[in-house]
Amino acid sequence: MTHPAASRRFQWFSLGVLVYTLAVILWGAFVRATGSGAGCGDHWPVCNGEVVPRAPTLQTLIEYTHRLTSGVATLLAVALYVWARRAVPKGHPARHAAGWALFFMLTEGLVGAGIVLLKYVAQNASMWRAVWMGLHLTNTFLLVGAQTLVVWAAAGRARMVIKGQGPVAVMLGLGVAGMGILGISGAVAALGDTLFPATSLADGLRQDMSETAHLLLRLRVLHPVFAVGVGALLVLVGRWVARLRPSPEVKRASMLLTGMYVAQLCVGVINLVLLAPVAMQLIHLLLADCVWMCLVCLCAAGLAEDAPRFEPSPAPASSVEPV
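Residues numbered from 1 in each chain as written. Predicted model: local features only at pLDDT ≥ 70, side-chain atom pairs only at ≥ 80, totals over all residues. Heavy atoms only, no water.

(A) Focus on the overall build of the protein chain. Assigned secondary structure in the protein chain consists of 10 helices and zero strands. Reading the secondary structure of the protein chain in the N-to-C direction produces α-α-α-α-α-α-α-α-α-α. Based on the C-alpha atoms only, the size of the protein chain along its principal axes is roughly 95 × 55 × 25 Å. The buried share among the 323 residues of the protein chain stands at 44%. Within the structure as shown, the protein chain displays about 16,700 Å² of accessible surface, and the carbon and sulfur contribution to it stands at 71%. Computing the positive centroid from 23 side-chain charges and the negative centroid from 14, the protein chain places the two 9 Å apart. (Helix = DSSP H or I, 4+ residues; strand = E, 2+ residues; numbered from the N terminus. Buried < 20%, exposed > 50% of the residue type's maximum accessible area, 1.4 Å probe, protein only. Areas by Shrake-Rupley, 256 points an atom, 1.4 Å probe, with all protein chains shown as cover. Lys, Arg positive; Asp, Glu negative; His and termini not counted. Charge placed at Lys NZ, Arg CZ, Asp CG, Glu CD.)

(B) The arrangement of helix α8 (residues 222-244) in detail. Across its 23 residues, α8 extends 33 Å between first and last C-alpha, which sits within 8% of the 33 Å expected from 1.5 Å per residue. Of the residues making up α8, those classed as buried are His-223, Ala-227, Val-230, Gly-231, Leu-234, Val-237, Gly-238, Val-241, Ala-242 and Leu-244. In the core, the buried residues of α8 are packed alongside α5 (167-195), α7 (215-220), α9 (248-273) and α10 (278-302). (Expected span 1.5 Å × (residues − 1). Contact = heavy atoms within 4.5 Å.)

(C) Layout of the pattern of salt bridges. Under the defined criterion, the tally for this structure stands at seven salt bridges. Across the pair Glu-50 and Arg-54 runs a salt bridge whose closest N-O atoms are separated by 3.0 Å. Residue class for Glu-50 comes out partly exposed when judged on its relative accessible area of 22%. Among the residues examined, Arg-54 registers a relative accessible area of 67% and is labelled exposed. Across the salt bridge formed by Arg-67 and Glu-63, the nearest N and O atoms sit 2.9 Å from each other. Of this pair, Arg-67 and Glu-63 both sit in helix α2 (residues 58-87), four residues apart, which is roughly one turn of that helix. (Salt bridge = Lys/Arg side-chain N within 4 Å of Asp/Glu carboxyl O.)

(D) Up close: the environment of Ala-263. Residue position: Ala-263 is located in helix α9. Along the chain, Ala-263 and Val-291 lie 28 residues apart, while their C-alpha atoms are 9.5 Å from each other.

(E) Quick look at the layout of surface pockets. Of the pockets and cavities examined, the second largest pocket occupies roughly 670 Å³. Around the second largest pocket, the lining comprises 27 residues; the ones closest to its centre are Gly-145, Leu-149, Met-160, Val-296 and Cys-299. Broken down by secondary-structure element, the contributors of at least two residues to the lining of the second largest pocket are α3 (93-117), α4 (127-154), α5 and α10. Among the elements that make up the lining of the second largest pocket, the one with the highest residue count is α4 (six residues). (1 Å grid on protein atoms, 1.4 Å probe; cavity = no way out; pocket = protein on both sides within 12 Å on 5 of 7 lines; lining within 4 Å. Points joined across faces, edges and corners; volume = space filled by probe spheres on them.)

(F) The state of the cysteines, seen in detail. Applying the stated criterion to the full structure yields one disulfide. As a non-bridged cysteine, Cys-299 has Cys-297 as the owner of its nearest cysteine sulfur, 9.2 Å distant. Judged by relative accessible area, which is 10%, Cys-299 ranks as buried. (Disulfide = S-S within 2.5 Å.)

So far we have only geometry, and geometry alone does not tell us how the molecule works.
Here it is in structure tokens:
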């Protein structure tokens, strides 16, 4: 049996790993937004052919810092997995989640390396770069989701069960799929903002509507539409799951999901009006990750094997005696 103090230390460590990973993700977005992805050239894992760059430019420092912090994040993912194997018994959901967190951390590094080696950085405006950005965002969501589940399960919560969940599993699946599509469209929109900056809101609209506009600009306009549609879907999913699985944790996750998405939508509008300054892009991404984590917690609580199920009250029997 795990000692309570050791269990709490593992919980705090898993939370610290998640927070640090989010910081690394934001710095990666800063690399893209500032056009510093080519700061180390097309070399990986070395930087411009050197282990430690000499006389680096500012872009090189930004990219090199991201690589160093990403390396630390990988070591923390390894430590989290090793600690999970020691802290919780075999078959515990935290151990499984830590294994997936390590896997997606490794694939995160491989996707990042692919983007550098294939030169999908700086001013590269090819559609293949957009595909890789979408792949990168998807992997990032999976990584953050797995680490969130480690934190969730480390608190001693029940494991998730999909079989036999009926419409709850379907609704949550739709929410996850919608959030994934929205995230990919956001990654493409952010890439378009970086490569084709507008001088005003009217100029940005003209760019999007021009018949000769780059495909990235034509795709950019889809993100606000998806944001409204997916937002409505997530609110509906949260309310429905809270009704069918009326546990305090489900209700709390549903409320957080709705509140966080409203905040994300407001920041998205501000980001659009201010022409996507770097600081607002980072806040927008952070809130997107927070919405995703709330959705993951809603899934974990709603699909928990010990989650209470809504049982409709039987119709009252008629008090009229049959003749």
